[in-house]
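A look at the structure
Given next are the chains, with one letter for each unit.
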Amino acid sequence: MSSQQDASGKKLGMWLFLYTEIILFGGLFVLYAVYFAQYTSDFAEGGKVLDRLYGVVNTVILLFSSFAVAASITAIQKKEKKIALAGLAMAFFCGLIFLIIKYFEWGHKIELGIFPNSEKLVDGPPGQNIFFGLYYIITGLHGIHIVIGMTLLFVSFVFVFKEKVTHNRFTLLENSGLYWHLVDLIWIFIFPLFYLVI
Amino acid sequence: MENKDVLHYFEYQSLFKVLLVLLFFTGITVGVSYLDLGALNVWVALVIASIKGSFVLLFFMHMKYEGRVLVISFLGTIFFLGIMISFTFWDVAFR
Amino acid sequence: MDAVKSFFETPSPANRTGIWAWLLTTDHKRIGLMYLFAILFWFLLAVLLGGLLRLELMFPGETILTAEMYNSTFTLHGVIMIFLFIIPALPAVFGNFFLPIQIGTDDVFFPKLNLMSWYLYMLGGVIAILSLFSDGFPDTGWTFYVPFSISTHTNVSTAVFAAFVLGFASMLTGLNFITTIHRMRHPKMGWMQIPLFTWSLYATSWVQLLATPVISITLVLVVIERFFNVGLFDPSRGGDPILYQHLFWMYSHPAVYIMILPGMGVISEIIPVSSRKSIFGYKAIVASSMAIAVAGSLVWAHHMYTSGMSDTAVFVFSLLTFVVAIPSAIKVFSWVSTLYKGSILMTPPLFLSLCFIYLFSIGGLTGLVVGAVGTDIHVHDTHFVVAHFHFTMFGGTGFAFFAALHYWWPKMFGRMYDFKKAYIGAILLTGGFMFHYVPMFILGMQGMPRRYFDYLPHYATGNFFAGFGAGFMIIGIFLMVINLVLSLKNQRDVSSDPWGGTTLEWQTPSPPPLHNFLTEPVVLAYPYDFTGVVKRYSKEDKGE
């Protein structure tokens, strides 16, 4: 019955799950790649509508949150429970801000009449319809994963608090961290492809 | 299979340095986007994103100190992703 | 043997009783049997649907189904067969039951996740049933091509969601198996001591893990398009419908390797045991299994030659398709070479395995016909394709499933079935199979389209004969299944090793105890070393 104590095995299992997430988003990136090649100028026009500042802020927030989570994993191994909790709380908070900014971004676009199946998109250049369609679907799916990640961070927070996760057994924390980093990793690619298209 | 992991962790300062590197490259990629390099822009952006991603992967996600199984399987996954995208272009690039 | 309590008597967790000892179990063996029960149900249902289709086609014009019903029936037949039977069957039933035993351990790495996978499988089935009602089951074919899957008013979203849930079960099983094989092997079992069935599951698990997410996102996109009409695949909104096909086949082609690899693994177990001889080319089979998994991800667009994609793509994918045929052929050579000069013991599993080799070879060879562009243009979307994939999926995986059932039945239940009835069932099945599907090759070459509820008069004879073949096939299937089930009335008197095997599942009682082994299993340096078996049998000088 070694699986109970096999932290490496649990980590392997988590990485295997992360691979499925990479490929899940990968399918959408296939579509992006093809349509970008086809509608390069329309994508650039679409990119101009997106708020670059929001994009940069969100990017920085997620990078910082990844740092916070990584720090909390270091902290738990150094038996510094308070720092571990602070890191997790910080990352959770960052996720929240990310989602709030996303809410405003989407809201702003919807006000402009830019949303799936809107008149403006349907009557406008097809390349821009595709750009914004992909934008909503990819950032939407990413947002769902932020929520999942935040849930994992929250659970980890509770377990660290209750000392069910300690320097001796912290696989749950480590694996939650891996998930969060992946969500950050995906955004690292989403950001330039949508906000920095020229 | 013996679990012979030497439990390694990064010091806070190291993690912070990685964050600074990531912020630095974020700045670069934003800056480059104001230059008109034509078709090269998207490739530069992807390269920089890959560099940033590698830092997250190697340090925050600890891949630098992981074993063969994880490294090879991760690269295999990226390889498959690469095939998914590139092989589709056998079609769309030659229509 | 009566003194040893099998896993049937010992629930895990220990405090569960009655039905809960099954529904809340974390014992991989019980989970495997729960899958078996459900999978047999879905299989037999889909067989009957297939029978309905062929009955309709036996006579020109409307026979028993309207055109709309026909479309929904072949869609349902395909969806059930592919997502609820062929993809899960071998890994979920025999992988779950035997993978841990073959590597000398007591369970999979994530037993609770394993149980959750079963629930996801059952949930997927329930959702599929739900999609039969109100607006009716989809009429799009199991491939759900756009734009029809987006515009049709049938329950596409629900059905596709069922497939999504089933995909999750498949992915998580792959995840579990990979982790188990990496972390829980008996200390003496290095990679080159792993039995070939387990190796096949390893290769399969990687494909399950990496390819399934592609179909997941593709199906999500179908639902999004149905609800929000984004236009990603709609030319009038800038989209490209062929991209749907690319994404769809990026999973569905590797999926056929998910289907066949474990089947090949089963055959690689049965053939050496039945020849009392080491398998020819163990390493070649290992390498070819991994090669098939990798190469199989490079060829998806050979399903799309006539879709309108570029000539370059057509050429490239056709070339690669011919390459992927090579590792499959290697296995056929290995099996046949193993039989050569072996000491053959004819049993139902061997008989079914031999039928597998024959039928799968025909399937594979006709795959070259569809894989070559010139010939495919002629037979694409005709009954030739239908025959081709039934030879590979049914003659291949289906027969491997039955072979596995007959090979491992005595181990799982401790009872032996009647050989004669098994042979009769298998012969009816195989004979009926040939009678049923060979006419379809001819009809296809003559131009009869697939997925058509009716046809031109000159196709009537072929369809009529095919219908007869279907009848024999279905009788054979039911006879085999009933024969197996009837064996459960017998005494539990099978020894640990009724066939003379060398892999670890034959070192434990039939059925196995809860933790799989009573004594420390002996791991051979080479997994197919039959010297011990041969010695034992020649010394005893008995039949079995």
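Residues numbered from 1 in each chain as written. Chains lettered and ligands numbered in written order. Predicted model: local features only at pLDDT ≥ 70, side-chain atom pairs only at ≥ 80, totals over all residues.

As for the overall build of chain C
- On a plain count of helices and strands, chain C comes out with 16 helices and zero strands.
- A compact globule built from 544 residues should have a C-alpha radius of gyration of about 24 Å, and chain C, at 23 Å, falls within 12% of that.
- For chain C, the C-alpha atoms occupy an extent of roughly 70 × 50 × 45 Å along the three principal directions.
- Counting only residues that meet the buried cut, chain C has 58% of its 544 residues in that class.
- Restricting the contact set of chain C to residue pairs at least 6 apart, pairs at least 24 apart contribute 82%. (Helix = DSSP H or I, 4+ residues; strand = E, 2+ residues; numbered from the N terminus. Rg over C-alpha atoms; globule rule 2.2 N^0.38 Å. Buried ≥ 20, exposed ≤ 12 C-beta atoms within 10 Å, placed from the backbone. Contact = placed C-beta atoms within 7 Å.)

Examining the nonpolar core
- Core analysis: the biggest nonpolar cluster contains 266 residues, and Leu134(A), Ala403(C) and Ala404(C) have the highest contact counts within it.
- Two domains each put at least three residues into this core: domain 1 (10-61) and domain 2 (65-95) of chain B.
- If sequence neighbours within four positions are ignored, Ala404(C) has contacts with Leu90(C), Phe94(C) and Val266(C). (Core = buried A, V, L, I, M, F, W, Y, C linked by C-beta atoms within 7 Å. Domains from an automatic or database assignment.)

What about the interface of chain B and chain C?
- Listed by partner, the interface residues are twelve residues for chain B and 15 residues for chain C.
- Partitioned by chemical class, the residues of the side of chain B that touches chain C number eight nonpolar, two polar and two charged. (Nonpolar A, V, L, I, M, F, W, Y, C, P; charged D, E, K, R; others polar.)

Observations regarding the confidence of the model for chain C
- Looking at chain C, the pLDDT average stands at 95 and 99% of residues meet or exceed 70.
- Model confidence for the complex is summarised by a pTM of 0.96, with the ipTM given as 0.95. (pLDDT = per-residue confidence, 0-100.)

What to know about the environment of Leu76(C)
Residues and elements named next belong to chain C.
- Following the sequence through the fold, Leu76 ends up in helix H3 (residues 67-102).
- The exposure class assigned to Leu76 is buried, which follows from the 23 C-beta atoms found within 10 Å.
- Spatially, the C-alpha atom of Leu76 lies 18 Å from that of Ala387, the residues being 311 residues apart in sequence.
- With residues near it in sequence (within four places) discarded, Leu76 still touches Leu49 and Phe137.

Points about the packing of helix H2 (residues 28-58) of chain C against H3(C)
Residue and element names in this part refer to chain C.
- Closest axis-to-axis distance for the H2/H3 pair is 8 Å, and the angle between their directions is 155°. Judged by the inter-axis angle, H2 sits roughly antiparallel to H3. Classified by chirality, the crossing of H3 by H2 is left-handed. (Axes fitted to C-alpha atoms, helices over the stretch in contact; angles between N-to-C directions. Parallel < 35°, antiparallel > 145°, perpendicular 65-115°, else oblique. Left-handed = near helix turned anticlockwise from the far one by under 90°.)

Some thoughts on the packing of helix H7 (residues 196-228) of chain C against helix H9 (residues 282-295) of chain C
Residue and element names in this part refer to chain C.
- Viewed as axis vectors pointing N to C, H7 and H9 meet at an angle of 15°, and their least axial separation amounts to 9 Å. Between H7 and H9, the angle falls in the class roughly parallel. Two packed elements cross with a definite hand, and for H7 against H9 that hand is right-handed. Two secondary-structure elements touch here, H7 through Leu196, Trp199, Ser200, Ala203, Trp206 and Val207 and H9 through Ile285, Val286, Ser289, Met290, Ile292 and Ala293.
- Tallied by class, the residues present in the contact of H7 with H9 amount to ten nonpolar, two polar and no charged.

Details of the interface of chain A and chain B
- Contacts between the two partners involve 36 residues from chain A, matched on the other side by 37 residues from chain B.
- Within the residue set of the side of chain A that touches chain B, elements represented by two or more residues are helix H1 (7-38), helix H3 (52-77) and helix H7 (171-195) of chain A.
- Of the residues belonging to the side of chain A that touches chain B, the class tally is 27 nonpolar, seven polar and two charged.

Regarding unusual backbone geometry
Residues and elements named next belong to chain C.
- Note that the residue after Ser12, namely Pro13, is joined by a cis bond; omega there is 5°.
- For Pro13, the position within the fold is in the segment before helix H1 (20-23).
- A cis amide bond, omega -5°, links Ser510 with the succeeding residue Pro511.
- By secondary structure assignment, the location of Pro511 is in the loop between helix H15 (460-486) and helix H16 (531-540).
- Its identity is not glycine, yet Ser134 carries a phi of approximately 45°, on the positive side.
- Here Ser134 shows up in the loop between helix H4 (111-130) and helix H5 (148-151).
- By the C-beta count within 10 Å, which is 9 here, Ser134 ends up exposed.
- Of note, Arg451 is a non-glycine position whose phi angle comes to about 60°, a positive value.
- Summarising the element assignment, Arg451 is placed in the loop between helix H14 (419-445) and H15.

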